[in-house]
Amino acid sequence: MDLKNQYLSNVGNQTNSQFLTFVILSTVWGFGIPLAFGVLGSSQDAGLGLTVVTSATAFGLLTTGFTAVNRYRLLNMNLSPEAMETAVGQSESKQPFTFFLATITVLTAAILVGHLLILN
């Protein structure tokens, strides 16, 4: 494997890992904050502290999600001509990256708003 293809393979593996991390952390974050609020006794002080934590986590998850989608988009722009001739290569070039970015934004904002409603 030449250096360029090895680099693209490594970046692809990193992007897959980053997206998997985004999905797992989003799930844990979505369920974890309300659970922590209940365990801490649903007090006003606990709600304030968890509001800060959930807001910072939302920002971090948005950054991670946007980075993963943009790296995936850039990887698809660098497909070799041999890869573009395959059915998989042709379908990869038609991915709705704007939809992916909008979905990440809407889901993260929805979870954050739900947390803020629960915590305050």
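Everything quoted here is computed from the prediction, not taken from an experiment.

Calculation rules
Residues numbered from 1 in each chain as written. Predicted model: local features only at pLDDT ≥ 70, side-chain atom pairs only at ≥ 80, totals over all residues. Heavy atoms only, no water. 1 Å grid on protein atoms, 1.4 Å probe; cavity = no way out; pocket = protein on both sides within 12 Å on 5 of 7 lines; lining within 4 Å. Points joined across faces, edges and corners; volume = space filled by probe spheres on them. Helix = DSSP H or I, 4+ residues; strand = E, 2+ residues; numbered from the N terminus. Nonpolar A, V, L, I, M, F, W, Y, C, P; charged D, E, K, R; others polar. Axes fitted to C-alpha atoms, helices over the stretch in contact; angles between N-to-C directions. Parallel < 35°, antiparallel > 145°, perpendicular 65-115°, else oblique. Buried < 20%, exposed > 50% of the residue type's maximum accessible area, 1.4 Å probe, protein only. Core = buried A, V, L, I, M, F, W, Y, C linked by side-chain atoms within 4.5 Å. Phe/Tyr/Trp six-rings, centres within 6.5 Å; stacked < 30°, edge-to-face > 60°.

A. Quick peek at the layout of surface pockets. The space that makes up the largest pocket amounts to roughly 270 Å³. In terms of lining, the largest pocket is formed by 13 residues, of which the most central are Asn5, Leu8, Ser9, Leu75 and Leu79. Mapped by element, the contributors of at least two residues to the lining of the largest pocket are helix H1 (3-39) and helix H2 (44-77). If you tally residues by element for the lining of the largest pocket, the top one is H1, at six residues. Here the residues of the lining of the largest pocket are counted per class, giving six nonpolar, six polar and one charged.

B. The packing of H2 against helix H5 (residues 97-119), seen in detail. H5 packs onto H2 with a crossing angle of 175 degrees between their chain directions and a minimal axis gap of 10 Å. In terms of their interaxial angle, H2 and H5 are classed as roughly antiparallel. Here the residues of the contact of H2 with H5 are counted per class, giving 13 nonpolar, 10 polar and one charged.

C. Representation of the environment of leucine 48. Among the secondary structure elements, leucine 48 is positioned in helix H2. On the basis of relative accessible area, leucine 48 is assigned to the exposed category, the value being 56%. Sequence separation between leucine 48 and proline 34 is 14 residues; the distance between their C-alpha atoms is 13 Å.

D. Local environment of the nonpolar core. Grouped together as the largest cluster of nonpolar side chains are 13 residues, with contacts concentrated most on Trp29, Ile33, Phe37, Leu50 and Leu119. Mapped by element, the contributors of at least two residues to this core are H1, H2 and H5. No other element matches the five residues that H2 contributes to this core.

E. Inspection of the packing of aromatic side chains at higher detail. Applying the stated criterion across every chain yields a total of four aromatic pairs. Arranged with centres 5.5 Å apart and planes meeting at 70 degrees, the rings of tyrosine 72 and phenylalanine 97 form a pair that is edge-to-face. You can see tyrosine 72 sitting in helix H2 and its partner phenylalanine 97 sitting in helix H5, a full 25 residues away along the chain. Its relative accessible area of 12% is what places phenylalanine 97 among the buried residues. Ring centres of phenylalanine 99 and phenylalanine 100 lie 6.4 Å apart, and the angle between their planes is 55 degrees; on these two criteria the pair is classed as tilted. Judged by its relative accessible area of 26%, phenylalanine 100 falls in the partly exposed class. One aromatic cluster is present, built from ring pairs that chain together Tyr72, Phe97, Phe99 and Phe100.

Don't take any of this as a statement about function, it's just geometry.
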